[in-house]
Amino acid sequence: MAQLQSIVPCLWFDDQAETAARFYCSVFPNAALTAITRYPDAGQEIHHRPAGSVMTVAFELDGQAFTALNGGPAFKLNEAISLQLCCDTQQEIDYFWEALGQDGPVESQQCGWLKDRFGLSWQVVPRRLPELMADPTRAPRVMQALLQMKKLDIAGLEQA
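Residues numbered from 1 in each chain as written. Predicted model: local features only at pLDDT ≥ 70, side-chain atom pairs only at ≥ 80, totals over all residues. Heavy atoms only, no water.

Undergrad: Where do I start with the nonpolar core in this structure?
TA: Residues F13, Y24, F59, L100, W122 and V124 are the most contacted members of the largest nonpolar core, which totals 31 residues. Every element with two or more residues in this core is listed here: β1 (10-13), α1 (17-27), β3 (54-61), β4 (64-70), β5 (82-87), α3 (90-100) and β8 (121-126). Once residues lying within four places of it in the same chain are set aside, the contact partners of F13 are A20, Y24, A68, L69, N70, G71, G72, L77 and F118. (Core = buried A, V, L, I, M, F, W, Y, C linked by side-chain atoms within 4.5 Å. Buried < 20%, exposed > 50% of the residue type's maximum accessible area, 1.4 Å probe, protein only. Helix = DSSP H or I, 4+ residues; strand = E, 2+ residues; numbered from the N terminus. Contact = heavy atoms within 4.5 Å.)

Take a look at the structure:
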């Protein structure tokens, strides 16, 4: 029997939940939409959404469950929450950096941060970064190199 995940991040969108979930599922090789719920007639005075329109989209990325909610314009995604994507190779970093940045304006920031076209912030980082930063003699050089990069370069961090 499959074990249910206890904590599922819920991402708030105005009306792009399904589009965003389908986009994220197209980027990750091990991904799937798992359920779509729709707004009912009940509660119109609260949710103000047309009956039958998409309310939530459940999806998984590499075994991690997410919910995308069409909650309206009251809240926007911002950098206060981000998804950290740990990569084993430079090829993975390059792939995810380009894929998450496709089809729209992306804000890239230093230290491997980027914001996709939906406003979701990602940290595309080498899985080894905590190990490199844990070495007290190496950490200052790694930090100095890290601060000079937008998309992270594993070889450059390892050489620091």
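Okay, back to it.
Undergrad: I keep staring at the sheet that holds β8 and nothing clicks. Help me out?
TA: Hydrogen bonding along the main chain pairs the strands of a sheet, whether they run parallel or antiparallel. Overall, mixed pairing links the four strands, which are arranged β5-β8-β7-β6 in an open sheet. Each end of this open sheet is capped by a strand with a single partner; those strands are β5 and β6 (107-109). Direction aside, the axes of adjacent strands within the sheet are offset by 20 degrees on average. As paired elements, strand β7 (residues 113-115) and β8 share three bridges and run antiparallel to each other. Paired with L114 across the bridge in β8 is W122. Contacts from α3 reach β5, β6, β7 and β8, with the element oriented near 165 degrees to β8. (Pairing = 2+ DSSP bridges. Axes fitted to C-alpha atoms, helices over the stretch in contact; angles between N-to-C directions.)

Undergrad: Would you mind showing me how to read α1 here?
TA: Counting along an α-helix, one turn takes 3.6 residues, and residues three or four places apart therefore face a common direction. Within the sequence span of α1, burial applies to A17, A20, A21, F23, Y24, C25 and V27. Residues of α1 that are buried in the fold lie against β1, β2 (31-38), β3, β4, α3 and β8.

Undergrad: I'm lost on the pattern of salt bridges in this one. Help?
TA: The tally for this structure, following the rule as stated, stands at seven salt bridges. A salt bridge links D88 to R127; the nearest nitrogen and oxygen atoms lie 2.7 Å apart. With D88 in the loop between β5 and α3 and R127 in the loop between β8 and α4 (129-134), the pair connects residues that are 39 residues apart, well separated along the chain. It is possible to trace a salt-bridge network through shared partners that takes in R128, E131 and E158. (Salt bridge = Lys/Arg side-chain N within 4 Å of Asp/Glu carboxyl O.)

Undergrad: Would you explain the environment of W113 in this entry?
TA: With respect to the secondary-structure elements, W113 resides in strand β7. Relative accessible area serves as the criterion here: at 23%, W113 is assigned to the partly exposed category. Residues W113 and D14 lie 99 residues apart in sequence; the distance between their C-alpha atoms is 23 Å. Non-local contacts of W113, meaning those with residues more than four positions away in its chain, are made with E79, S82, W97, E107, S108, S121, W122, Q123 and K150.

All we've got here are geometric facts, nothing functional implied.
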